[in-house]
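These are the residues of each chain, in order.
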Amino acid sequence: MHKTSIAWRRWAIRAAIPVGAVFLLLASLWMAVRITPLQSVTAAGQTVDVGAAAPGLGFSGPGEMDLFGQTIATQPRFPGPVRPRLRLTHITANAELEQLLGSSDKNSAGVLGRQLSAGWLRYGLWESAVSAGIVVVVLSAVTGLRRYPLRRTVAVLASGVVAMTAVNAAGFVLLASGTPSALRHVHSLSDLVGRNAGYPVAPADGPALSGVQAVVIGDSTAAAIGNRPVAHPSALDQACGRSADSFAAQLAAVNDWNVLNLACSGATVRAGLLGPQPAGPLSAPPQIAQLQRAPKARVVIVSVGADDLHWADLTRFCAASPDCDDRVTDAYFQQQTAQFVMDYRDLLTQLAALPGHPAVIVNQYYDPFGPDTSCLAAEHVDAAKAKTLQGRLDQLNSALQQGAEAAGFISVQPSFAGHALCSAEPFVQGPKDKAPLHPTAAGELAIALADQGALYAAEQSPSGGQTSSAGDSSTGDSSGAGQP
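Here we summarise the structure given alongside this text. (Residues numbered from 1 in each chain as written. Predicted model: local features only at pLDDT ≥ 70, side-chain atom pairs only at ≥ 80, totals over all residues. Heavy atoms only, no water.)

## Focus: the overall build of the protein
- Of regular secondary structure, the protein possesses 14 helices and 13 strands.
- Put simply, the protein has 484 residues, and 48% of those count as buried.
- When the accessible surface of the protein is totalled, it reaches about 22,700 Å², and 60% of it is carbon and sulfur. (Helix = DSSP H or I, 4+ residues; strand = E, 2+ residues; numbered from the N terminus. Buried < 20%, exposed > 50% of the residue type's maximum accessible area, 1.4 Å probe, protein only. Areas by Shrake-Rupley, 256 points an atom, 1.4 Å probe, with all protein chains shown as cover.)

Structure below.
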């Protein structure tokens, strides 16, 4: 009986060794995919990190494109369950702007595909080295605990490295052999997301506005809808809801600037900034086209995104629903965000190519909700709903910030701390005001102060203002020449 027990134990140990070895190899591979650094490649003025996504199911499928924090399925499909993960990290403008936006010149644009393919192969080598390193660390611990002699320890470690290398090689050959070829067929980032990017927007007709020092483009937040109208408004001023209390007007008064405010209520990147926008009975020309009539502008301030995500509709739906944190609404929001970041990339690319290279500020959105939501009870908005809405706004702000950083622009988030809805002195218009959830005149001033502080900080930096500054710009701690 004792001999049988010993024999059984020996058989169990022998059987456990290959099982443990397979588990170690697979676990090391799984860990290596998650910790191996992505490989950066640069082509056509854009820097892209290349790596592997988590293995998927099926014999083929899309890869992943991380665009300003938003994961988008690539249009090309890749054979095998191991597929690439790509992340855009830097945008610059150069002489080949058409190539940046998706040129039809496949010979020159093919550089991007070749670079992506080379980055994928380089990632594979790094991943193999990392997984082999993990195996060495684990086996070193095992051989140390079991007090193996040096020769046997070296043999075990060498066997582990060889086995892990073989598994990686077989895995890439069998599961991802077609990936390099598929990546070489990518001629632009627009190919990856399955859309044709627009060509540079031509300047609008009309004389040059050489006296303009700063230009504001964007939506109703920048137009300051719901506040005092501008003096002697044009028909387009009225249709767009432009106000004399806008942060553009505040900056003009403080700095003695001529600020051109092109913002229009309801503007999106596609219909407003890069393309014409219906504004009542009128059609507002593309704001980028009008911006180019001011060639000497030193500053461009951008406020966009909420209308791209249909923010007003989301807030109304949230107020009317018992719970606005449901899967259907979240799926709709994610879909709209994915569309926005692709449009946003086009906008950033064209802003980076502006003649004169003005300093560009991308404003994030303020937090309209404070800890007290009692004044919204009649609108059926409680603290839980406000938290859901704020979470979605935070996701938009994250995309705005990451995109600005990729383009080398300044990112600013104004702070309305202590002055949110339901506070004693709110910076946000309430549900009974003309434009609920939009800034009051005081809120517009807070945004102006945040932008002014960011400009002052940029002027003091060695890079002269084109570096990214993504901090929270508050309304009370900015200082410098020309400050209110």
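What follows picks up the thread again.
## Looking at the state of the cysteines
- For the coordinates displayed, the defined rule picks out three disulfides.
- With its sulfur 2.0 Å from that of its partner, Cys318 forms a disulfide with Cys324. For the residue pair Cys318 and Cys324, the accessibility class agrees, reading buried in each case.
- Across the disulfide, Cys375 is cross-linked to Cys422 (sulfur-sulfur distance 1.9 Å). As the torsion about the S-S bond is roughly -80°, the Cys375-Cys422 disulfide counts as left-handed. One end of the pair, Cys375, is in the loop between strand E11 (359-363) and helix H13 (383-407); the other, Cys422, is in the loop between strand E12 (410-414) and helix H14 (441-460), and 47 residues separate them in sequence.
- For the protein, the disulfide bridges join cysteines in the arrangement 1-2, 3-4, 5-6, where the cysteines are counted in sequence order. (Disulfide = S-S within 2.5 Å.)

## Let's talk about the pairing of strand E3 (residues 60-67)
- With seven bridges connecting them, E3 and strand E4 (residues 70-79) associate as antiparallel partners. When the bridges of E4 are listed, Glu64 appears paired with Ala73.
- Hairpin connection from E3 to E4: two residues lie between these consecutive antiparallel strands, with Phe68 at a positive phi of about 55°.
- In terms of strand pairing, E3 meets strand E5 (residues 84-91) through three bridges, oriented parallel. By the bridge assignment for E5, Glu64 is matched with Arg85. (Pairing = 2+ DSSP bridges.)

## Here's the deal with the side chain of Ser246
- With respect to the secondary-structure elements, Ser246 resides in the loop between helix H8 (235-240) and helix H9 (247-255).
- Using a relative accessible area of 2% as the deciding quantity, one classes Ser246 as buried.
- Excluding residues within four positions of it along the chain, Ser246 makes contact with Ala222, Ala223, Ala224, Asn261 and Glu444. (Contact = heavy atoms within 4.5 Å.)

## A word on the nonpolar core
- By size, the foremost hydrophobic cluster in this structure holds 108 residues, and its most contacted members are Phe68, Leu347 and Leu351.
- Looking at this core, the element that brings in the most residues is helix H12 (residues 327-352), giving ten residues.
- Judged by nonpolar contacts, the second largest core, of six residues, contains Leu24, Leu25, Val135 and Leu157. (Core = buried A, V, L, I, M, F, W, Y, C linked by side-chain atoms within 4.5 Å.)

## A few points about a nonpolar patch on the surface
- Among the surface-exposed residues, Trp30, Met31 and Ile35 lie close enough to one another that they form a single nonpolar patch of about 300 Å² accessible area.
- Within the secondary structure, Met31 is located in helix H1 (residues 2-35). (Patch = residues over 30% accessible without salt bridge, like charges linked within 9 Å, V, L, I, M, F, W, Y side chains within 5 Å. Salt bridge = Lys/Arg side-chain N within 4 Å of Asp/Glu carboxyl O.)

## Focus: the packing of helix H11 (residues 311-320) against H13
- Axis separation between H11 and H13 bottoms out at 10 Å; the angle between their running directions is 160°. On the basis of the axis angle, H11 is roughly antiparallel to H13. When you trace H11 past H13, the crossing you get is right-handed. Of the residues in H13, those touching H11 at Trp311, Leu314, Thr315, Cys318 and Ala319 are Lys385, Leu389, Arg392 and Leu393. (Axes fitted to C-alpha atoms, helices over the stretch in contact; angles between N-to-C directions. Parallel < 35°, antiparallel > 145°, perpendicular 65-115°, else oblique. Left-handed = near helix turned anticlockwise from the far one by under 90°.)

## As for the side chain of Thr143
- If you trace the backbone, Thr143 turns up in helix H3 (residues 106-145).
- Take Thr143: its relative accessible area is 4%, and that puts it in the buried class.
- Once you skip the residues sitting within four places of it in the chain, Thr143 turns out to touch Tyr148, Thr153 and Val156.

## Here we look at the sheet that holds E5
- The five strands lie next to each other as E1-E2-E5-E3-E4, forming an open sheet whose pairing is mixed. On the outer flanks of this sheet lie strand E1 (39-43) and E4, each paired with one strand and no other. The average angle at which neighbouring strand axes cross in this sheet is 30°, direction not considered.
- With seven bridges connecting them, strand E2 (residues 46-52) and E5 associate as antiparallel partners. Looking at the pairing, Val48 lines up with Leu88 of E5.
- Sheet strands touched by H12: E2, E3, E4 and E5. Its angle to E4, the strand with the most contacts, is close to 90°.

## Here we look at the pairing of strand E6 (residues 214-218)
- Of all five residues making up E6, five are buried, and the element is well covered by its neighbours.
- Of the two faces of E6, the one lined by Ala214, Val216 and Gly218 and the one lined by Val215 and Ile217 are each fully buried.
- Pairing of E6 with strand E7 (residues 259-261), which is carried by three bridges, proceeds in the parallel orientation. When the sheet's bridge partners are listed, Ala214 is paired in E7 with Val259.
- Where E6 and strand E10 (residues 299-303) come together, five bridges link them in parallel fashion. Across the sheet, residue Val215 finds its bridge partner in E10, namely Val300.

## Details of the packing of aromatic side chains
- Taken as a whole and judged by the stated rule, the model has five aromatic pairs.
- Plain terms: the ring middles of Phe340 and Tyr344 are 5.3 Å apart, the flat faces sit at 10° to each other, and that makes the pair stacked. Here Tyr344 and Phe340 lie together in helix H12, a separation of four residues that amounts to about one turn.
- Residue Phe340 is classed as buried on the basis of its relative accessible area, which comes to 1%.
- Seen from their ring centres, Phe416 and Phe427 are 5.5 Å apart, and the 85° between their planes marks the pair as edge-to-face. A residue pair is termed long-range when its members are at least 10 positions apart, and Phe416 in the loop between E12 and H14 and Phe427 in the loop between E12 and H14 qualify at eleven residues. (Phe/Tyr/Trp six-rings, centres within 6.5 Å; stacked < 30°, edge-to-face > 60°.)

## Concerning the pattern of salt bridges
- A full pass over the atoms with the stated rule returns nine salt bridges.
- In this structure, Arg345 and Asp346 form a salt bridge, with 3.5 Å as the shortest nitrogen-oxygen distance. Across the pair, Asp346 and Arg345 agree in class, each one buried.
- Among the ionic pairs, Lys432 bridges to Glu379, the shortest N-O distance being 4.0 Å. Of this pair, Lys432 sits in the loop between E12 and H14 while Glu379 sits in the loop between E11 and H13; the two residues are 53 residues apart in sequence, bridging distant segments of the chain.
- Overall, Lys432 belongs to the exposed group, its relative accessible area being 73%.

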